[in-house]
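One-letter residues, chain by chain:
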Amino acid sequence: MLIVVVLTVFTDLITAIGTGAVLASLIFMTKIARAMEQGTTLTLIEDELWQDEVEIPDGLKQRLLIKHVNGPLFFGFVYAFRRIAERATDGKMLVLRMERVTYMDQSGIYALGDVLVDLEAAGLKVFVVGLARDQIDQLEAMHIIPDLLSEESIFPSFDSFKQRLPAIVEELSRASDAGPPLKSMTG
């Protein structure tokens, strides 16, 4: 606020008000990004389970890294999303639980695309669970689906992912035996 007062005295009121509005926007984005970062978790599945994750057999739990994403995925959260995703390279398969994503803007979609490229380079197989139809449409419009994320890697609910999980593990095990690209996934 002191900046606005100083600008009012030494320049004109219009410049001061414009500068104040821009500064207020930047402060708002910073606070929202910080709040979103605190509300998003990245945990190994055995560390912090959601109710529907309890029933996964222990042998499969050891191969999974689950990221719970809560709230909007937008410009203010891009840096935090990338930083959290960098820590995901220790898992075998990454499941992005996005049932609680309320909004995605273009910068959030670009950040998701960048993270998917990084995770693929690290040898992780990524699955996305719980996207709303309009969010899937956005990802298709931006060519994230199918260029970076296949349609077979997207599940409408975690229950549908759990039903398919044994077959996925079997497919990935066969693929890792066939060649080096997925070698890091089998440990």
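One can find the structure itself at the top, above this paragraph.
This structure is a prediction, so every number in the text was calculated from the model and none was measured. (Residues numbered from 1 in each chain as written. Predicted model: local features only at pLDDT ≥ 70, side-chain atom pairs only at ≥ 80, totals over all residues. Heavy atoms only, no water.)

Looking only at helices and strands, the protein features 7 helices and 5 strands. For the protein, the succession of helices and strands along the chain, N to C, is α-α-β-α-β-α-β-α-β-α-β-α. Burial status across the protein gives 41% buried among its 187 residues. Of the roughly 10,400 Å² of accessible surface on the protein, 59% is carried by carbon and sulfur atoms. (Helix = DSSP H or I, 4+ residues; strand = E, 2+ residues; numbered from the N terminus. Buried < 20%, exposed > 50% of the residue type's maximum accessible area, 1.4 Å probe, protein only. Areas by Shrake-Rupley, 256 points an atom, 1.4 Å probe, with all protein chains shown as cover.)

An α-helix turns once per 3.6 residues; consequently, residues spaced three or four apart project the same way. An ideal rise of 1.5 Å per residue puts 22 Å on 16 residues; helix H5 (residues 106-121) measures up with 23 Å between its terminal C-alpha atoms. Backbone geometry just downstream of H5 places glycine 123 in the positive-phi region, at approximately 90°. (Expected span 1.5 Å × (residues − 1).)

Attention now moves to the pattern of salt bridges. Considering all chains together, one arrives at 5 salt bridges under this definition. In this structure, arginine 97 and glutamate 99 form a salt bridge, with 2.7 Å as the shortest nitrogen-oxygen distance. Of the residues examined, arginine 97 reaches a relative accessible area of 2% and is grouped as buried. Relative accessible area serves as the criterion here: at 31%, glutamate 99 is assigned to the partly exposed category. The salt bridge involving glutamate 140 is made with arginine 133; its shortest N-O contact spans 3.4 Å. A single network of salt bridges, built from pairs that share partners, joins Arg133, Asp137 and Glu140. (Salt bridge = Lys/Arg side-chain N within 4 Å of Asp/Glu carboxyl O.)

For strand E2 (residues 64-70), the buried fraction is high: 6 of the 7 residues fall into the buried class. Direction of pairing for E2 relative to strand E3 (residues 93-100): parallel, over a ladder of 6 bridges. The residue bridging asparagine 70 from the neighbouring strand is arginine 100, located in E3. (Pairing = 2+ DSSP bridges.)

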